[in-house]
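A structural walkthrough
One letter stands for each residue in the lines below.
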Amino acid sequence: MEEPTRLVEEATTNDMDGQNNEEERDPESNSLCQPLLKRNRTLSSSPFALVGAKVSHIESLDYEINENDLFKHDWRRRSRVQVLQYVFLKWTLAFLVGFLTGVTATLINLAIENIAGYKLRAVVNYIDDRRYLMGFAYFAGANFVLTLIAALLCVCFAPTAAGPGIPEIKAYLNGVDTPNMFGATTLFVKIIGSITAVSASLDLGKEGPLVHIGACYASLLGQGGPDNYRLKWRWLRYFNNDRDRRDLITSGSSSGVCAAFRSPVGGVLFALEEVATWWRSALLWRTFFSTAVVVVILRAFIEYCKSGNCGLFGRGGLIMFDVSGVSVTYHAVDIIPIAVIGIIGGLLGSLYNYVLHKVLRLYNLINEKGKLHKLLLALSVSLFTSICMYGLPFLAKCKPCDPSLQGSCPGTGGTGNFKQFNCPNGYYNDLATLLLTTNDDAVRNIFSVNTPSEFHVSSLIIYFALYCILGLITFGIAVPSGLFLPIILMGSAYGRLLAIAMGPYTKIDPGLYAVLGAASLMAGSMRMTVSLCVIFLELTNNLLLLPITMLVLLISKSVGDCFNLSIYEIILELKGLPFLDANPEPWMRNITVGELADVKPPVVTLRGIEKVGRIVEVLKNTTHNGFPVVDEGVVPPVGLPVGATELHGLVLRTHLLLVLKKKLFLHERRRTEEWEVREKFSWIELAERWGKIEDVAVTKDEMEMYVDLHPLTNTTPYTVVESMSVAKAMVLFRQVGLRHMLIVPKYQAAGISPVVGILTRQDLRAHNILSVFPHLVKSKSGKKH
């Protein structure tokens, strides 16, 4: 945990020095005086492999309901018809998210199977004609062009489309506004880039990009389309807030997993276990509905394409490993090899995460030099991949076909387990069977059951070593990429190797060993258990595998957690995204929120009826996004009739900018009438995020006028008493999805301010607190649990 944090701080310092202080300050910091808490001021809006290319500021999302007077008035006026409209539109959007994701996934698979399939057929024909150099030139040239298309699109048009996109989705659902992640351009580049990158035989999958594609569809549907061409349909006004957009993106991410693995329940559980921070039963139903729509779309297209109307798609494409007819038998003695698989998966997964972390640091140094370096890096990886995949099968020995497999061995270059590749008739090349094929067919081949001697040990060792190397150097280049498939292929290879080693001592099929190996390596790297178990269960369609799969996953995750974080958490740290974990550090119980407030600059407050000039001054001289509204001289309803200080609530920066833009100014200090506010504002406008204070023109005479902030103030902000521990406050902050949390004093008396300070996401991050309270380092208990 400490090393990625230190790297993020160093990268941040270098970025800020390089900017010559031209960048604006952190939106959550107080610029009226220098903050004592060190903050991670910048984040890269491009993927981790492109850190330093473009610096953007961290913004937090606000999942809290802003209960001001306008909201309460609208809530009271909502009729039953409007409530039904809102519910109906939620289900309609859930259907559209599933439908679009399913159609897009089918088109991506169709394109990949045809582009990669016909490319490989041409290569096999060259080899059959003994034209080896021409075959390599065609193979490497096609891969080079496809990689160039994907890299150019990512580098020049949508840097956020590179990588899997899952860490950013996870951060968004945690409350971090990841900029430019869900736009129309990103969606287009993600689709085209996934097709070309996977077709280029790179060691990456389309599963991660499909999750990002589903989230992009959800975001665009919720906001009515791209930023510049939004639909102004009045029904969509209900979704003009962070809360409903969060629910839609959760449904989109689960739909993407379902589209990748044809696993509806696994997709729901993936969203619940891995990406979603906040969950409720209504969201569970809508998410499951979206994944059900995806499965129906996929099944319909697969049935249609089986008739041969889709080229090569229908014969391959989509990972479908059905072993429902295979009798799976295991005994108590099989627990030992199963446990060994789990332990190896945990060790290899944690080692893979460690090495990948080092590779990504190196790639950051290369990619920050400019666009040309990003392109050259991607093309170099493509050329190296082509050389390995084309040349290594020549090292494998030809194996004779089983006489019982007449007609299917060797194959003709299409789908199937047996590739002839420079072998005489009646023989096949087992390494070419795994390398010179599409990714989905490679999974199907290595998972195949009743083939105990199909692959030679040397071929499996070469395959495993190659995919370890390619997986490490490919993930991080400037193309859309997923981690699922490379890890599945690596895990299945060592699963087959272990099956050969354990052959005399177990009766489990080698193909099932490959499935268990893939599951263990995924759990060891990604640290998922429940969702992975269901995904593999739906892939294999055999309930008898459930007990041993559960055991392997639990062992792998437990072993991996002993060494480092999951791969997605490592990426979050490298990108500097202020992600709040579910479990606070144990030492956070030794410090209170009041102590945090003491080391922060004094809180900036506004009065309920404030001068325009004071509001302009505060907005220009601070970068806060929320300000407590405090009224003095208020007569309390009970107690002595003396003036008291009231904490009326919290007003947001965007609402202050809206007031200045609409010019709801008063010539005298008074409260506004309800009709005056409703005449100028609507609750829909309050949901929009407005621009900067520099964009608002206020005259000198208007500076002396007044603004009544009471109707726009959230009168029900979340507050914590200053004696509460940071650990408890962080759990509340994360679970509710807050952007601001007010700290109120422990003692109430005349002359004491009703608000001590404000906590934001940055204030609750572990390394920020430790930089101010170094004595807490001694009480640290090591890694997160």
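Residues numbered from 1 in each chain as written. Predicted model: local features only at pLDDT ≥ 70, side-chain atom pairs only at ≥ 80, totals over all residues. Heavy atoms only, no water.

**Digging into the overall build of the protein**
Helix and strand content of the protein: 28 helices and 13 strands. For the protein, the proportion of its 785 residues judged to be buried stands at 59%. Counted over contacts in the protein with a minimum sequence separation of 6, partners at least 24 positions apart contribute 80%. Accessible surface for the protein amounts to roughly 31,600 Å². Of this, 60% is attributable to carbon and sulfur atoms. (Helix = DSSP H or I, 4+ residues; strand = E, 2+ residues; numbered from the N terminus. Buried < 20%, exposed > 50% of the residue type's maximum accessible area, 1.4 Å probe, protein only. Contact = heavy atoms within 4.5 Å. Areas by Shrake-Rupley, 256 points an atom, 1.4 Å probe, with all protein chains shown as cover.)

**Remarks on the packing of helix α6 (residues 184-199) against helix α7 (residues 207-223)**
Where α6 contacts α7, the two axes come as close as 10 Å, and the packing angle between them is 155 degrees. As judged from the angle between their axes, α6 and α7 are roughly antiparallel. Crossing handedness for the pair α6 and α7: left-handed. Along the contact surface, α6 presents A184, T186, L187, K190, I191 and S194, while α7 presents P209, H212, I213, C216, Y217 and L220. (Axes fitted to C-alpha atoms, helices over the stretch in contact; angles between N-to-C directions. Parallel < 35°, antiparallel > 145°, perpendicular 65-115°, else oblique. Left-handed = near helix turned anticlockwise from the far one by under 90°.)

**Considering the packing of aromatic side chains**
Aromatic ring pairs: the centre-centre distance and the angle between the two ring planes describe each pair. Tallying each qualifying case throughout the model produces 14 aromatic pairs. Taken together, the ring pairs in this structure connect Y132, F136, F139, Y390, F394 and F421 into an aromatic cluster. The ring of W278 is capped by R243, whose NZ or CZ atom sits 5.8 Å from the centre of that ring. Between R246 and the ring centre of Y63, over which it is positioned, the NZ or CZ distance is 4.2 Å. (Phe/Tyr/Trp six-rings, centres within 6.5 Å; stacked < 30°, edge-to-face > 60°. Lys NZ or Arg CZ within 6 Å of the ring centre and 35° of its normal.)

**What to know about the UniProt feature "transmembrane region" (unreviewed entry) in the protein**
Under the UniProt annotation, "transmembrane region" (unreviewed entry) lies at residues 86-112, 132-158, 283-302, 335-355, 375-396, 460-490 and 543-560. For the annotated span residues 283-302, helix accounts for 100% and strand for 0% of the residues, and the straight-line distance between the end C-alpha atoms is 29 Å. Secondary structure content for residues 375-396 is 77% helix and 0% strand, and the end C-alpha separation is 33 Å. (UniProt positions renumbered as here; feature names shortened; annotations may be inferred.)

**Describing the environment of V257**
Position of V257 relative to the elements: it lies in helix α8 (residues 242-261). Sequence-wise, V257 and G208 are 49 residues apart; in three dimensions their C-alpha atoms are separated by 7.8 Å. Among all residues touching V257, those that are not within four sequence positions of it are V211, R262, G266, G267, F270 and I535.

**A few points about the nonpolar core**
Judged by nonpolar contacts, the single largest core of 134 residues is most densely connected at Y463, F484 and M526. Aside from chain neighbours lying at most four places away, what touches Y463 is L431, L434, L435, A442, I446, L489 and A493. In this structure, L656, L660, L664 and F665 belong to the second largest nonpolar core, which totals 27 residues. (Core = buried A, V, L, I, M, F, W, Y, C linked by side-chain atoms within 4.5 Å.)

**Structural notes on the state of the cysteines**
For the structure on display, the rule yields 2 disulfides. Across a sulfur-sulfur distance of 2.0 Å, C305 and C310 are joined as a disulfide pair. An S-S torsion of about -70 degrees defines the bridge between C305 and C310 as left-handed. We classify C305 as buried; its relative accessible area is 2%. (Disulfide = S-S within 2.5 Å.)

**Digging into the sheet that holds strand β13 (residues 757-759)**
One open sheet holds the 3 strands; their spatial order is β11-β12-β13, and the pairing between them is mixed. Both edges of this open sheet fall to β11 (719-721) and β13, since each of them pairs with a single strand only. On average, each strand axis in the sheet is inclined to that of its neighbour by 35 degrees, with strand direction left out of account. Where β11 meets strand β12 (residues 741-744), 3 bridges bridge the pair, whose relative direction is parallel. Bridging from a neighbouring strand, T719 pairs with L742 of β12. Against the sheet, helix α27 (residues 726-736) touches β11, β12 and β13, its axis set at about 145 degrees to β12. (Pairing = 2+ DSSP bridges.)

**Quick notes on the pattern of salt bridges**
Scanning all chains against the criterion turns up 17 salt bridges. Here E702 ties to K663 by a salt bridge, and the two come within 3.2 Å at their closest N and O atoms. Placement of E702 in helix α26 (residues 700-703) and of K663 in the loop between α23 (653-662) and α24 (674-680) is noted, with a sequence separation of 39 residues between them. Note on K663: relative accessible area 34%, which makes it partly exposed. A network of salt bridges, in which partner residues are shared, links R246, D247, R280 and R286. (Salt bridge = Lys/Arg side-chain N within 4 Å of Asp/Glu carboxyl O.)

**Quick look at the pairing of β12**
Put simply, side chains in a regular strand alternate between the two faces of the sheet. Residue alternation in β12 divides its side chains into two sets, M741 and I743 and L742 and V744, and both sets are buried. With respect to chirality, the unit in which β11 leads through α27 into the neighbouring parallel β12 is right-handed. (Right-handed = clockwise from strand over helix to strand, strands pointing away.)

**A short note on the packing of helix α14 (residues 439-447) against helix α16 (residues 484-501)**
Running from N to C, α14 and α16 cross one another at 20 degrees; their axes reach a closest spacing of 10 Å. Taken together, the axis directions place α14 and α16 in an arrangement best described as roughly parallel. Crossing hand, α14 versus α16: left-handed. Across from N439, A442, V443, N445, I446 and F447 in α14, the residues of α16 making contact are L485, I488, L489, S492, A493 and R496. Residue composition of the contact of α14 with α16, by class: 8 nonpolar, 3 polar and 1 charged. (Nonpolar A, V, L, I, M, F, W, Y, C, P; charged D, E, K, R; others polar.)

**Comments concerning unusual backbone geometry**
Even without a glycine there, the phi angle at N422 is positive, about 65 degrees. Tracing the chain through its elements places N422 in the loop between β5 (399-400) and β6 (427-428). The backbone of K663 shows a phi angle near 60 degrees, a positive value even though the residue is not glycine.

**A few points about the environment of I341**
On the secondary structure map, I341 appears in helix α11 (residues 335-367). On a C-alpha basis, the gap between I341 and G495 in space is 7.2 Å, while along the polypeptide they are 154 residues apart. Every residue in contact with I341, bar those within four places of it in the chain, is listed here: Y494, L498, Y513, L516, G517, S520, V552 and S556.

**Considerations on helix α5 (residues 166-174)**
Of all 9 residues that make up α5, 9 are buried, and the element is covered over most of its length. Along α5, the residues that are buried comprise I166, P167, E168, I169, K170, A171, Y172, L173 and N174. Remark: G175 follows α5 within two positions and exhibits a positive phi of approximately 115 degrees.

**Overview of a nonpolar patch on the surface**
Side chains of V83, V87, W91 and W285 sit close together on the surface and give an oily, nonpolar patch of about 400 Å² of accessible area. Locating W91 in the fold gives a position in helix α3 (residues 80-128). Looking at W91, the relative accessible area reads 33%, which means it is partly exposed. (Patch = residues over 30% accessible without salt bridge, like charges linked within 9 Å, V, L, I, M, F, W, Y side chains within 5 Å.)

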